[in-house]
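Chain by chain, the residues:
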Amino acid sequence: MNTSHERDQTVMEMLSVKNGEGWKALRAIMTPTFTSGKIKNMFPLVCDKADALVKFSMKEAAEKPYVDIKKNFGRYTMDTIASCAFGIECNSLVDEKAEFPRKAEAFFNVSYTSVAKMMLAIFAPKLIKLFRLSINATETDFFIEVVKQTVAAREAREAGPRRGDFLDLLMEARDNADNPDTKHVLSDRSLVAQSVLFIIAGYETTANLLAFSTYLLAKNKDQQRRLRDELQKIVAEKGDITYQGIMEAKLLDACLQGESRDSTYGSITRFTPTWLLH
Ligand code: HEM
């Protein structure tokens, strides 16, 4: 069980809070998580979770009057990050009552208490100190515990092939701390902090992007048709949805990023404000 003091100390170790040399050193450890080779290796896991998302949403569509797609995208994002970066199965897209997504949803839930604490932190930080209040969500403790348990499980595992994922990169940096040639040193707390940040930072951002994009595509059938045509053409060429195929999907890029690597679809950016008016 973590105390609020421990929770706050862990949050203070996160990359997003650091600056200067401390930030630079941490970034150097974390950046190799996203080399193209590593992303290619993650691709089958991402596809598995995408299949589970479709199955879960279709089942809901058959049973309920509507599907809360933002919630489902959150579950998809959570399962994908946990699986790719930590090898954790959180079953958010299998079990409606799974603990992982419930904690993540609660983490981002804005309550009167959380707003009041935030106001205090901004306008009366001394009171926060005096009453030893924590402005960080209590759900952070759940993610800290999950990470600690996953690290312990990996440490206890017989030596075998490494996954080479995000957690392996962090553990390697931590274990190299005694090596005089090591440039970047990571403490146990910092390892946990970066892992929790990773889970939280990718969750709401990606789920929101997917939810807004889906909404805009639903409102703009012509654009939706163009996108479907592009993807069907690529699938027909490649025989399936492949990493290479997704990299070639310029219109998909334009829809999700608001701009494309290909100037042909650059105009999509200019559509965006008009889409919102429909
Ligand atoms: C569409 C999805 C995403 C958006 C829009 C987004 C947006 C952002 C933004 C704006 C920042 C900078 C925050 C700042 O400077 O204070 C940031 C930082 C960060 N994001 Fe994301 N993000 C997304 C997905 C992800 C994913 C999937 C992960 C990890 C799995 C992730 C991990 C991080 C981390 C670790 C940082 C801190 C980087 C640093 O301080 O050097 N993000 N993100």
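Residues numbered from 1 in each chain as written. Predicted model: local features only at pLDDT ≥ 70, side-chain atom pairs only at ≥ 80, totals over all residues. Heavy atoms only, no water.

Visitor: Sorry if this is basic, but what is going on with the overall build of the chain here?
Guide: The helix and strand tally for the chain stands at 14 helices and zero strands. Written out in order from the N terminus, the α and β elements of the chain read α-α-α-α-α-α-α-α-α-α-α-α-α-α. Within the chain, the proportion of its 278 residues that are buried is 36%. Of all intrachain contacts in the chain linking residues separated by at least 6 positions in sequence, the fraction that spans at least 24 positions is 63%. Of the accessible surface of the chain, which amounts to about 16800 Å², a share of 58% is contributed by carbon and sulfur atoms. (Helix = DSSP H or I, 4+ residues; strand = E, 2+ residues; numbered from the N terminus. Buried < 20%, exposed > 50% of the residue type's maximum accessible area, 1.4 Å probe, protein only. Contact = heavy atoms within 4.5 Å. Areas by Shrake-Rupley, 256 points an atom, 1.4 Å probe, with all protein chains shown as cover.)

Visitor: Explanation requested: the site of the ligand in the structure shown.
Guide: Around the ligand, the neighbouring residues are Leu15, Ser16, Trp23, Arg27, Leu197, Phe198, Ala201, Gly202, Thr205, Thr206 and Leu209. Here an oxygen atom of the ligand and a side-chain polar atom of Trp23 are 2.7 Å apart. Arg27 is positioned such that a nitrogen or oxygen atom in its side chain is 2.6 Å from an oxygen atom of the ligand. At the level of elements, helix H2 (20-30) and helix H10 (188-219) are the ones that each hand at least two residues to the shell around the ligand. With seven residues, the single largest contributor to the shell around the ligand is H10. In the shell around the ligand, the residues fall into six nonpolar, four polar and one charged. (Near = heavy atom within 4 Å. Polar contact = N/O pair within 3.5 Å; in protein donor to acceptor, adjacent residues only side chain to side chain. Nonpolar A, V, L, I, M, F, W, Y, C, P; charged D, E, K, R; others polar.)

Visitor: Which parts of the structure should I look at to understand the UniProt feature "transmembrane region" (unreviewed entry) in the chain?
Guide: When the UniProt feature table is mapped to this numbering, "transmembrane region" (unreviewed entry) covers residues 196-218. Secondary structure content for residues 196-218 is 100% helix and 0% strand, while the C-alpha to C-alpha distance between its ends is 33 Å. (UniProt positions renumbered as here; feature names shortened; annotations may be inferred.)

Visitor: Would you take a moment to explain the pattern of salt bridges for this structure?
Guide: Note that side chains of opposite charge can pair when their charged atoms are close. Using the criterion set out here, one finds 16 salt bridges in the structure. For Glu60, the salt bridge goes to Lys71, with nearest N and O atoms at 3.7 Å. Of this pair, Glu60 sits in helix H3 (residues 36-63) while Lys71 is found in helix H4 (residues 69-86), placing the two residues eleven residues apart along the sequence. Two residues, Arg174 and Glu155, come together in a salt bridge whose shortest N-O distance is 2.7 Å. In this pair, Arg174 is assigned in helix H9 (residues 166-175) and Glu155 in helix H8 (residues 140-156), connecting sequence segments 19 residues apart. We classify Glu155 as partly exposed; its relative accessible area is 46%. A single network of salt bridges, built from pairs that share partners, joins Glu60, Lys64, Lys71 and Glu96. (Salt bridge = Lys/Arg side-chain N within 4 Å of Asp/Glu carboxyl O.)

Visitor: Explain the confidence of the model for the chain to me, please; I cannot follow it from the model alone.
Guide: In low-pLDDT regions, the fine details of the predicted coordinates are not to be read closely. Mean pLDDT for the chain: 86, with 88% of residues reaching 70 or above. Least confident of the elements in the chain is helix H14 (residues 267-277), whose mean pLDDT is 45; most confident is helix H11 (residues 221-238), at 95. (pLDDT = per-residue confidence, 0-100.)

Visitor: Quick question: what am I supposed to make of the side chain of Ser134 here?
Guide: If you trace the backbone, Ser134 turns up in the loop between helix H7 (125-130) and H8. For Ser134, the side chain forms a polar contact with the main-chain nitrogen of Asn136, separated by 3.3 Å. Once residues lying within four places of it in the same chain are set aside, the contact partners of Ser134 are Ser4, Arg7, Asp8 and Lys117.

Visitor: What should I look at first to understand helix H1 (residues 4-12) in this one?
Guide: Buried within H1 are the following residues: Arg7, Thr10 and Val11. Angular distribution of buried residues about the axis of H1 spans 100 degrees; they occupy a single face of the element. In H1, those exposed residues whose orientation departs by more than 90 degrees from the buried face are His5 and Met12. On its buried face, H1 is in contact with H8 and H10. (Arc of directions from axis to C-beta.)

Visitor: What should I look at first to understand the side chain of Gln194 in this one?
Guide: Relative to the helices and strands, Gln194 is located in helix H10. Dropping the residues within four chain positions of it, Gln194 is found in contact with Glu13, Met14, Leu15, Leu26, Met30, Phe166 and Leu170.

Visitor: Any chance you could explain the packing of aromatic side chains here in plain terms?
Guide: Per the counting criterion, the structure on display carries nine aromatic pairs. Judged by centre distance (5.8 Å) and plane angle (80 degrees), the rings of Phe86 and Phe166 are edge-to-face. Note that Phe86 is positioned in helix H4 and Phe166 in helix H9, a separation of 80 residues in sequence. Among the aromatic residues, ring-to-ring pairing joins Phe34, Phe86, Phe166 and Phe198 into one connected group. (Phe/Tyr/Trp six-rings, centres within 6.5 Å; stacked < 30°, edge-to-face > 60°.)

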